[in-house]
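# Overview (structure and organization)
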Amino acid sequence: MFSFFTTNEANNALPDVIKKFEYALAKKNEVTKLEQQLQMSLSSTNSFEEYVTLKQQLNSAITKFYEAVEILESTGVVVKSIEQGLLDFPSKRFDDEVWLCWKYGETEIKFWHEKDSGFMGRKPIEVNDESLV
């Protein structure tokens, strides 16, 4: 179900979001590790058995990664980049739709940006920014 977040709602959701993000990141790291092992097996072995087994493990890891992203986004956030650790919470500033922006490592939501600008366009949330929903 879609909803807009206030800054307080986003900050209240953040501990759960962080936990789910870290799980998705771990699954992404498993995919990357298996991709590297698969590439190494191509150049270092002639065994189809090893290759096929690794390929099946990779397929399973990719499925688990996408499931983790789906669980994460079911909280209402939008994943912008797992690798860079960027998530956005849909919000409103006056009548405009905006994103409340979070980067992995931050302990609270402190920034927002317009729909058409990304991480580089983030602006600090004022202490009493009543304009954000």
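Data block above holds the structure.
Our subject in this report is the structure included herewith. Model, not experiment: these values are computed from the prediction.

## As for the environment of Gln-56
Mapped onto the fold, Gln-56 is located in helix 2 (residues 48–73). We classify Gln-56 as exposed; its relative accessible area is 52%. Along the primary structure Gln-56 and Lys-27 are separated by 29 residues, whereas in three dimensions their C-alpha atoms are 15 Å apart.

## Some thoughts on the packing of aromatic side chains
Tallying each qualifying case throughout the model produces six aromatic pairs. Between Phe-5 and Phe-89, the ring centres sit 5.0 Å apart and the planes meet at 85°, which makes this aromatic pair edge-to-face. Remark: Phe-89 occurs in strand 2 (residues 86–93) and Phe-5 occurs in the segment before helix 1 (7–44); sequence separation between them is 84 residues. Between Phe-21 and Trp-102, the aromatic rings sit 5.7 Å apart at their centres with planes inclined by 80°, giving edge-to-face as the arrangement. Placement of Phe-21 in helix 1 and of Trp-102 in strand 3 (residues 96–103) is noted, with a sequence separation of 81 residues between them. Of the two residues examined, Phe-21 and Trp-102, each falls in the buried class. Taken together through their ring pairs, the aromatic side chains of Phe-21, Trp-102 and Tyr-104 make up a single cluster. Lys-123 extends its terminal NZ or CZ atom over the ring of Trp-112, reaching a point 4.9 Å from the ring centre.

## What to know about helix 2
Taking 1.5 Å per residue as the helical rise, helix 2 with its 26 residues ought to reach 38 Å, and the 37 Å between its terminal C-alpha atoms agrees with that figure. For helix 2, the complete set of buried residues consists of Leu-54, Leu-58, Ala-61, Phe-65, Ala-68, Val-69 and Leu-72.

## Some remarks on the sheet that holds strand 4 (residues 111–114)
Read from one edge to the other, the open sheet built from five strands follows the order 1-2-3-4-5, with strand pairing classed as antiparallel. Sheet topology places strand 1 (78–81) and strand 5 (123–124) at the edges, where each strand pairs with a single neighbour. Bridging between strand 1 and strand 2 involves three bridges; their strand directions are antiparallel. By the bridge assignment for strand 2, Val-78 is matched with Asp-88. The sheet strands contacting helix 1 are strand 1, strand 2 and strand 3, and the helix crosses strand 2 at an angle near 165°.

## Brief notes about the environment of Thr-75
Considering the arrangement of structural elements, one finds Thr-75 in the loop between helix 2 and strand 1. Look at Thr-75 and you get partly exposed, because its relative accessible area is 21%. When near neighbours in sequence (up to four residues on either side) are disregarded, Thr-75 contacts Phe-5, Asp-16, Val-17 and Lys-20. At 2.6 Å, the side chain of Thr-75 and the backbone oxygen of Leu-72 are in polar contact.

## Quick look at the packing of helix 1 against helix 2
When two helices pack together, their arrangement is captured by the angle between the axes and the distance separating the axes. At a minimum axis separation of 9 Å, helix 1 and helix 2 run at an interaxial angle of 160°. The orientation of helix 1 relative to helix 2 falls into the category roughly antiparallel. Of the two possible hands of crossing, helix 1 and helix 2 adopt the one that is left-handed. Considered class by class, the residues forming the contact of helix 1 with helix 2 number 18 nonpolar, three polar and seven charged.

Conventions and cut-offs
Residues numbered from 1 in each chain as written. Predicted model: local features only at pLDDT ≥ 70, side-chain atom pairs only at ≥ 80, totals over all residues. Heavy atoms only, no water. Helix = DSSP H or I, 4+ residues; strand = E, 2+ residues; numbered from the N terminus. Buried < 20%, exposed > 50% of the residue type's maximum accessible area, 1.4 Å probe, protein only. Phe/Tyr/Trp six-rings, centres within 6.5 Å; stacked < 30°, edge-to-face > 60°. Lys NZ or Arg CZ within 6 Å of the ring centre and 35° of its normal. Expected span 1.5 Å × (residues − 1). Pairing = 2+ DSSP bridges. Contact = heavy atoms within 4.5 Å. Axes fitted to C-alpha atoms, helices over the stretch in contact; angles between N-to-C directions. Polar contact = N/O pair within 3.5 Å; in protein donor to acceptor, adjacent residues only side chain to side chain. Parallel < 35°, antiparallel > 145°, perpendicular 65-115°, else oblique. Left-handed = near helix turned anticlockwise from the far one by under 90°. Nonpolar A, V, L, I, M, F, W, Y, C, P; charged D, E, K, R; others polar.

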